[in-house]
Each structure stands twice: as structure tokens, then as C-alpha cells.
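The chain contents come next:
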Amino acid sequence: QVQLVESGGGLVQAGGSLRLSCAASGSTFGPGTMGWFRQAPGKEREFVATIRRSGAYTYYTDSVKGRFTVSRDNAKNTVYLQMNSLKPEDTAVYSCAASYRRLGVLKMASEYDYWGQGTQVTVSS
């Protein structure tokens with residue numbers, strides 16, 4: 001059974017940085033496209049970033065462009081989300097997701113097969 005385990009969340013002041021990690025295990029083959037989503041209290045889950053297996057192509061939601069960077073290490077089956085210049089509106093539970101069937105750019109939650117448990121990111125003003 002595939003498992004995704006996230007780490008790196010926490011409390012940070014506005015303008016600060018955090019790096020989230022998500023390690024996939026339980027499959028002979030590594031994941032294809034991986035992504036990050038977030039859900040703030042009282043709001044729907046929203047797409048944040050995605051990265052194809054090669055790592056050569058990434059895509060971000062407009063609100064994080066220029067501040068967040070998604071990357072991956074396929075040898076470790078791990079995806080990262082470097083978050084800089086954090087704002088209070090970035091406060092949310094961040095979840096990673098992995099697709100083992102698709103290799104394209106995936107921006108919809110329904111396109112992913114497995115999810116991590118989520119990690120809380122809180123940005124204070």
C-alpha cells in the first residue's frame with residue numbers, strides 16, 4: 001500500500017520560510033506526477049503546485065508564483081515545497097498527493113491517487 005508522509009510544517013512569522021517534504025513508499029515503482037494542495041479553515045481545498053516525474057516541468061497557482069518552489073528527488077521518492085515570503089493567507093493544512101497513473105500536469109485533486117495526512121502551516125502577522 002502506497003503511503004505519503006509529510007513533514008516540515010510549523011509556525012512562522014510573515015516573511016519567513018518553511019520547507020515541506022513528502023516521502024512516498026510502498027510501491028515498486030516511484031510516483032509519476034506529484035502535487036501540493038492546501039486547505040484553510042472554512043475554505044475548500046485548493047491546488048498549490050505540481051511537478052512532473054522528470055522534474056523539468058512545474059506549475060503553480062498564481063498566488064504562490066515567485067514565492068514557492070516545488071522540487072523532487074526521485075531516488076528518494078520525495079517531493080519538496082520550499083515556501084518563502086510567507087503571508088498570513090498562506091495559513092492552511094498542506095497535503096501532498098501522488099499519481100501512479102498519470103505523468104502530465106495535474107491540477108485537480110481527483111487526478112491524484114494517493115494523499116498524505118497533511119501538515120499544518122501557520123503564518124503569523
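Going by the structure above, here's the rest.
The rules behind these values
- Residues numbered from 1 in each chain as written.
- Predicted model: local features only at pLDDT ≥ 70, side-chain atom pairs only at ≥ 80, totals over all residues.
- Heavy atoms only, no water.
- Phe/Tyr/Trp six-rings, centres within 6.5 Å; stacked < 30°, edge-to-face > 60°.
- Helix = DSSP H or I, 4+ residues; strand = E, 2+ residues; numbered from the N terminus.
- Lys NZ or Arg CZ within 6 Å of the ring centre and 35° of its normal.
- Disulfide = S-S within 2.5 Å.
- Buried < 20%, exposed > 50% of the residue type's maximum accessible area, 1.4 Å probe, protein only.
- Salt bridge = Lys/Arg side-chain N within 4 Å of Asp/Glu carboxyl O.
- Polar contact = N/O pair within 3.5 Å; in protein donor to acceptor, adjacent residues only side chain to side chain.
- Contact = heavy atoms within 4.5 Å.

Structural notes on the packing of aromatic side chains
Here is step 1: Tallying each qualifying case throughout the model produces six aromatic pairs.
Here is step 2: Measuring from ring centre to ring centre gives 5.6 Å for Tyr 100 and Tyr 114, while their planes differ by 90°; the resulting arrangement is edge-to-face. Of this pair, Tyr 100 sits in the loop between strand 9 (92-98) and strand 10 (114-115) while Tyr 114 sits in strand 10, and the two are 14 residues apart along the sequence.
Here is step 3: If you follow Arg 45 out to its NZ or CZ, it ends over the ring of Trp 115, 4.2 Å from the centre.
Here is step 4: In this arrangement the basic side chain of Lys 65 is found over the ring face of Tyr 59, its NZ or CZ atom lying 5.6 Å from the centre.

A word on the state of the cysteines
Formally, a disulfide is one covalent bond, and it connects the sulfur atom of one cysteine to the sulfur atom of another.
Here is step 1: In the structure shown here, the tally under the stated rule is one disulfide.
Here is step 2: Cys 22 shares a disulfide with Cys 96; S-S distance 1.9 Å. With the S-S bond torsion at 50°, the cross-link from Cys 22 to Cys 96 turns out right-handed. Here Cys 22, found in strand 3 (residues 18-25), pairs with Cys 96, found in strand 9; they are 74 residues apart in sequence, far enough to count as distant. No difference in accessibility class separates Cys 22 from Cys 96, as the two residues are buried.

Structural notes on the pattern of salt bridges
Here is step 1: This structure, assessed with the given rule, holds five salt bridges.
Here is step 2: One salt bridge connects Asp 90 with Arg 38, and the closest N-O pair in it is separated by 3.0 Å. Linking Asp 90 in the loop between strand 8 (78-83) and strand 9 with Arg 38 in strand 4 (residues 34-39), this pair joins segments that are 52 residues apart in sequence.
Here is step 3: A salt bridge links Asp 90 to Arg 67, with the shortest nitrogen-to-oxygen separation between them at 2.7 Å. Taken as a pair, Asp 90 in the loop between strand 8 and strand 9 and Arg 67 in the loop between strand 6 (58-60) and strand 7 (68-73) lie far apart in primary sequence, 23 residues in all. One exposure class covers both Asp 90 and Arg 67, and it is buried.
Here is step 4: If you follow the salt bridges from partner to partner, you end up with Arg 38, Glu 46, Arg 67 and Asp 90 in one network.

Let's talk about the side chain of Asp 90
Here is step 1: You can call Asp 90 buried: its relative accessible area is 1%.
Here is step 2: A distance of 2.8 Å separates a polar atom in the side chain of Asp 90 from the backbone nitrogen of Lys 87.
Here is step 3: Setting aside residues no more than four positions away along its own chain, Asp 90 makes contact with Arg 38, Arg 67, Phe 68, Ser 85, Val 121 and Val 123.

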